[in-house]
Amino acid sequence: MELKSGEVSWQSPSNIALIKYWGKKGFQLPANPSLSFTLSKSVTRTSMAYAPASDPEHFKVELMLNGKINQQFSDKVKAYFDILLEQIPFLKFFDYEIYTVNTFPHSAGIASSASAMSALALCLCDMEQIISNVSNSKKTKFYEKASHYARIGSGSAARSIYGGVVSWGKIKTLPGTSDLYATPIEENIHPVFENYNDSILIVNRGEKKVSSRHGHQLMTNHPFASARYKQAVSNLEKLLEVLSAGDLETFISITEQEAFTLHGMMMSSMPGYILMEPNTLNIINAIRSYRAESGVPVSFTLDAGPNVHVLYPQQYFQQVQEFINQELLKWCVSGTTINDCMGTGPERISRK
Ligand code: 2P0
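Residues numbered from 1 in each chain as written. Predicted model: local features only at pLDDT ≥ 70, side-chain atom pairs only at ≥ 80, totals over all residues. Heavy atoms only, no water.

**Q** Break down the nonpolar core for me, citing the residues and quoting the values.
**A** Counting residues in each nonpolar core, the largest one holds 42 residues, and the members touching the most others are Met 48, Tyr 80, Phe 81, Tyr 96 and Ile 98. Elements supplying a minimum of two residues to this core: β1 (6-19), β4 (34-52), β5 (61-65), α1 (71-84), β7 (94-102), α2 (112-131), α3 (139-153) and β8 (165-168). Broken down by element, this core gets its largest block of residues, nine residues, from α2. Other than its neighbours up to four places away in sequence, Met 48 contacts Gly 6, Glu 7, Val 8, Phe 81, Tyr 96, Glu 97, Ile 98, Leu 120, Cys 123, Leu 124 and Met 127. Among the nonpolar cores identified, the runner-up in size contains 24 residues, and Leu 243, Ile 254, Leu 311 and Met 342 belong to it. (Core = buried A, V, L, I, M, F, W, Y, C linked by side-chain atoms within 4.5 Å. Buried < 20%, exposed > 50% of the residue type's maximum accessible area, 1.4 Å probe, protein only. Helix = DSSP H or I, 4+ residues; strand = E, 2+ residues; numbered from the N terminus. Contact = heavy atoms within 4.5 Å.)

Put into structure tokens, the structure is as follows:
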């Protein structure tokens with residue numbers, strides 16, 4: 001092992017879940033499998049510089065978000081590294097300066113923990129290879145490990161390690177899947193889902209009233225938990241068939257049911273809470289009416305927040321943009337939308 005200074009950098013995207021991870025078991029393991037597609041433009045760029053620690057028992061982590069020291073995130077990453085020490089013991093022999101920027105605004109309805117934790121996990125895997133002098137470990141194992149480290153930081157981040165359609169969680173009918181890390185679904189995706197669009201409509205930029213971490217905890221004694229976990233498995237298995245057949249009608253019904261179930265679980269937790277807002281419902285109703293009238297296969301999903309992800313095939317881009325501009329923008333904060341689409345996954349970068 002070489003105690004030499006160095007720097008590693010990765011860019012990693014956020015993702016949008018179609019089958020939702022909501023509820024945990026054990027330590028950071030999912031109570032049900034989930035499936036997402038990885039976004040393209042909404043990315044975090046992270047550079048991690050490391051240098052031998054002056055005091056390994058109290059190694060330091062300093063994180064700069066958009067050029068400014070962020071104490072809250074520095075502490076969060078230090079706590080994350082402390083947890084990882086069991087798996088990466090050399091971490092404590094270094095101090096860290098982490099420079100991170102997001103290409104999307106904070107609290108914009110895009111899961112920044114997914115892009116941030118996946119970028120950091122990839123940096124850790126690169127550093128691990130450099131420190132332990134293994135330059136040619138198998139590529140698949142590299143990503144598997146990165147997904148495992150990312151999951152420990154934030155569950156949904158496990159899926160951002162890969163591009164395209166990605167599942168996380170053991171699925172009996174899908175060999176190679178695991179609760180420990182995500183798996184890309186590379187085969188059998190119908191061309192209609194290529195570059196599938198996700199236009200994110202910002203209804204509210206504010207901090208969430210209830211964090212996802214707490215929301216997951218509330219699933220532990222939830223009266224509907226076991227039925228929900230069964231539904232997720234069944235929806236995921238059906239969605240895999242739908243993705244391969246290009247069956248947009250069933251895609252829409254499954255993904256919209258998943259969004260409603262996620263928020264239904266929140267409302268029926270003890271205590272219950274509501275993250276949707278009146279304009280979330282206005283947008284959802286307008287999307288459903290427009291779809292019925294125009295026949296355009298546009299649908300919605302929701303993350304753990306009030307903002308609406310509008311999903312549609314690439315060929316309908318112009319039409320849906322017109323619909324958004326004419327009918328939906330009035331319900332968005334300062335008319336804000338972010339047009340993203342399915343992307344190819346993380347990339348190793350160099351610091352600019
Ligand atoms: C998902 N969400 O599958 C679901 C759907 C939000 C709604 O995973 O505690 O930030 O860090 O593992 O991943 C958000 O929760 O939770 C989430 P932690 P995470 O994307």
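**Q** Please give an account of the pairing of β4 that cites residues and values.
**A** Along any regular strand the residues' side chains alternate between the sheet's two faces. With 14 of 19 residues buried, β4 is to be regarded as a mostly interior element. Relative to β4, β1 runs antiparallel, the two sharing twelve bridges. If you follow Gly 6 over to β4, its bridge partner there is Tyr 50. (Pairing = 2+ DSSP bridges.)

**Q** Quick rundown of the site of the ligand? Include the residues and the values.
**A** Near the ligand there are 17 residues, and of these Tyr 21, Lys 24, Ser 154, Gly 155 and Ser 156 occur at the shortest range. Interatomic distance of 2.8 Å between a side-chain N/O atom of Ser 154 and an oxygen atom of the ligand. In this structure, an oxygen atom belonging to the ligand sits 3.1 Å away from a side-chain N or O atom of His 216. Broken down by element, the shell around the ligand gets its largest block of residues, three residues, from helix α4 (residues 212-217). Among the residues forming the shell around the ligand, the class breakdown is five nonpolar, seven polar and five charged. In terms of domain composition, the shell around the ligand takes at least three residues from each of domain 1 (6-188) and domain 2 (193-341). (Near = heavy atom within 4 Å. Polar contact = N/O pair within 3.5 Å; in protein donor to acceptor, adjacent residues only side chain to side chain. Nonpolar A, V, L, I, M, F, W, Y, C, P; charged D, E, K, R; others polar. Domains from an automatic or database assignment.)

**Q** Tell me what's going on with the domain arrangement of the protein chain, and back it up with residues and numbers.
**A** According to the domain assignment, the protein chain contains domain 1 (6-188) and domain 2 (193-341). Computed from C-alpha atoms alone, the centre-to-centre distance between domain 1 and domain 2 is 24 Å. With 35 residues of domain 1 in contact, the opposing surface of domain 2 contributes 45 residues. For the pairing of domain 1 and domain 2, the buried interface totals around 3200 Å² over both sides, and the portion due to carbon and sulfur atoms is 65%. Area buried by domain 1 at its contact with domain 2 is led by Leu 18, Lys 20 and Trp 22, which between them contribute 26% of it. Between the two partners, domain 1 and domain 2, sit zero salt bridges. Linking domain 1 with domain 2 are 13 residue pairs in polar contact (both at pLDDT 80 or more), by the criterion used here. Among the secondary structure elements, those contributing two or more residues to the side of domain 1 that touches domain 2 are β1 and β4. Sorting elements by how many residues they give to the side of domain 1 that touches domain 2 places β4 first, with eight residues. For the side of domain 1 that touches domain 2, a count of residues per class yields 19 nonpolar, 13 polar and three charged. (Buried area = accessible area lost by both parts, 1.4 Å probe. Salt bridge = Lys/Arg side-chain N within 4 Å of Asp/Glu carboxyl O.)

**Q** Please provide a residue-by-residue account of unusual backbone geometry, values included.
**A** Cis rather than trans, the peptide bond between Met 270 and Pro 271 has omega equal to 0°. Along the chain, Pro 271 falls in the loop between α6 (248-267) and α7 (278-294). In this structure, Gln 28 takes a positive phi of about 60° despite not being glycine. Here Gln 28 lies in the loop between β2 (24-25) and β3 (29-30). Classification of Gln 28 by relative accessible area gives buried; the value is 7%. In this model, Asn 188 sits at a positive phi of 60°, which is unusual for a non-glycine residue.

**Q** Tell me what's going on with the pattern of salt bridges, and back it up with residues and numbers.
**A** Side chains that differ in sign of charge can pair as their charged atoms come close. In this structure the tally under the stated criterion is nine salt bridges. Salt-bridge contacts for Arg 348 lead to Asp 126; the nearest nitrogen and oxygen are separated by 2.8 Å. Note that Arg 348 is positioned in strand β14 (residues 347-348) and Asp 126 in helix α2, a separation of 222 residues in sequence. The partner of Arg 291 in a salt bridge is Glu 256, with the nearest N and O atoms 2.8 Å apart.

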